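# Residue-level structure breakdown
Now for the letters of each chain:
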Amino acid sequence: MQKFAVLLLFCTLSNLNSFSQLIVTNNHIAQSLAQSITGNGVSISNATLNCGASGTGNFTYTGSDLGLPYGVLLTTGIASQVAVPFGNLFLNVVTGNNFVDPDLVGISSQAFYDACILQFDFVPVCDTMIVSYVFGSDEYPKNINTYNDAFGIFLSGKNPSGGSY
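### Observations concerning the overall build of the chain
From N to C terminus, the chain includes three helices and seven strands. In the chain, the order of α-helices and β-strands from amino to carboxyl end is β-β-α-β-β-β-α-α-β-β. Taking all 165 residues of the chain together, 39% fall into the buried category. Within the chain, counting contacts between residues at least 6 apart in sequence, those at least 24 apart form 68% of the total.

### Brief notes about the environment of Val 134
Position of Val 134 among the secondary structure elements: in the loop between strand E6 (116-123) and strand E7 (151-156). With 68 residues separating them in the primary sequence, Val 134 and Leu 66 have C-alpha atoms 7.4 Å apart.

### Concerning the pairing of E6
Consecutive residues of a regular strand have side chains that alternate between opposite faces of the sheet. In terms of burial, E6 is a largely internal element, six of the eight residues being buried. Two elements, strand E3 (residues 43-50) and E6, share six bridges in a ladder whose sense is antiparallel. Bridge pairing links Ser 45 to Asp 121 in E6.

### Some details on the nonpolar core
Core analysis: the biggest nonpolar cluster contains twelve residues, these being Ala 30, Leu 33, Ala 34, Val 42, Ile 44, Cys 51, Val 72, Leu 74, Cys 116, Leu 118, Phe 120 and Phe 122. Elements with a contribution of two residues or more to this core: helix H1 (30-38), strand E5 (70-74) and E6. Looking at this core element by element, the count peaks at four residues for E6. Core analysis: the second largest hydrophobic core is formed by nine residues, Val 24, Leu 68, Leu 73 and Val 82 among them.

### Considerations on the environment of Ile 23
With respect to the element layout, Ile 23 can be found in strand E2 (residues 22-26). Linking Ile 23 and Asn 58, residues 35 residues apart in sequence, is a C-alpha distance of 8.3 Å. In contact with Ile 23, not counting residues within four places along its chain, are Asn 58, Phe 59 and Thr 60.

### So, a nonpolar patch on the surface
Residues Met 129, Val 131, Tyr 133, Phe 135, Ile 153, Leu 155 and Tyr 165 make up a contiguous nonpolar surface patch of about 600 Å² in total accessible area. Position of Ile 153 relative to the elements: it lies in strand E7.

### Digging into the state of the cysteines
Per the counting criterion, the structure on display carries one disulfide. Cys 51 shares a disulfide with Cys 116; S-S distance 2.2 Å. Measuring handedness by torsion sign, the sulfur bridge of Cys 51 and Cys 116 sits at about -100° and is left-handed. Within this pair, whereas Cys 51 is found in the loop between E3 and strand E4 (56-61), its partner Cys 116 is found in strand E6, the two being separated by 65 residues in sequence.

### Section: the pairing of E5
With respect to burial, E5 is a largely interior element, four of its five residues being buried. Here five bridges tie E4 to E5, and the two strands are oriented antiparallel to one another. Counted as the bridge partner of Thr 56 is Leu 74 from E5.

### Focus on the sheet that holds E2
Strand order in the open sheet made by the three strands is E2-E4-E5, with antiparallel pairing throughout. Lying at the two open borders of the sheet, with one neighbouring strand each, are E2 and E5. Each strand of the sheet is rotated relative to its neighbour by a mean of 30°, with strand direction disregarded. On the sheet, H1 packs against E4 and E5 and is oriented at approximately 35° with respect to E4.

About the criteria used
- Residues numbered from 1 in each chain as written.
- Predicted model: local features only at pLDDT ≥ 70, side-chain atom pairs only at ≥ 80, totals over all residues.
- Heavy atoms only, no water.
- Helix = DSSP H or I, 4+ residues; strand = E, 2+ residues; numbered from the N terminus.
- Buried < 20%, exposed > 50% of the residue type's maximum accessible area, 1.4 Å probe, protein only.
- Contact = heavy atoms within 4.5 Å.
- Pairing = 2+ DSSP bridges.
- Core = buried A, V, L, I, M, F, W, Y, C linked by side-chain atoms within 4.5 Å.
- Patch = residues over 30% accessible without salt bridge, like charges linked within 9 Å, V, L, I, M, F, W, Y side chains within 5 Å.
- Areas by Shrake-Rupley, 256 points an atom, 1.4 Å probe, with all protein chains shown as cover.
- Salt bridge = Lys/Arg side-chain N within 4 Å of Asp/Glu carboxyl O.
- Disulfide = S-S within 2.5 Å.
- Axes fitted to C-alpha atoms, helices over the stretch in contact; angles between N-to-C directions.

So, in structure tokens, the structure goes:
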């Protein structure tokens, strides 16, 4: 079994084409979010979510600027506010979820404020895995020399060719 963790300190998807529509549906169920990422037919287990209560959801998007027509939204703010251009609630929320993940802190030593972490095990049904993602941050560029949001995708487990990932 392989372990797949999506760890991020995620902020905003802004400047989306005004003719496009981003629809966010609140979803705080780890198993459901994990299944949305992997797709149908993939066995998911041990799904956990460590995120602010309003920070997660599913989205659909009918434009071309984002690069994804649908997916999972993990934020450090309020997920529904991502669809509101420059939503004040989204930009200024402190969730207090200061969970520390050693893998993410390995990328950025300050990656422990308002974390949003989805982690799960899955059994692949093929030999190739593709993950498409978009990362956005409302802290860039205004805090570039102070702190910035961090994002990581970590995959661990047995390598079919031998050894471990």
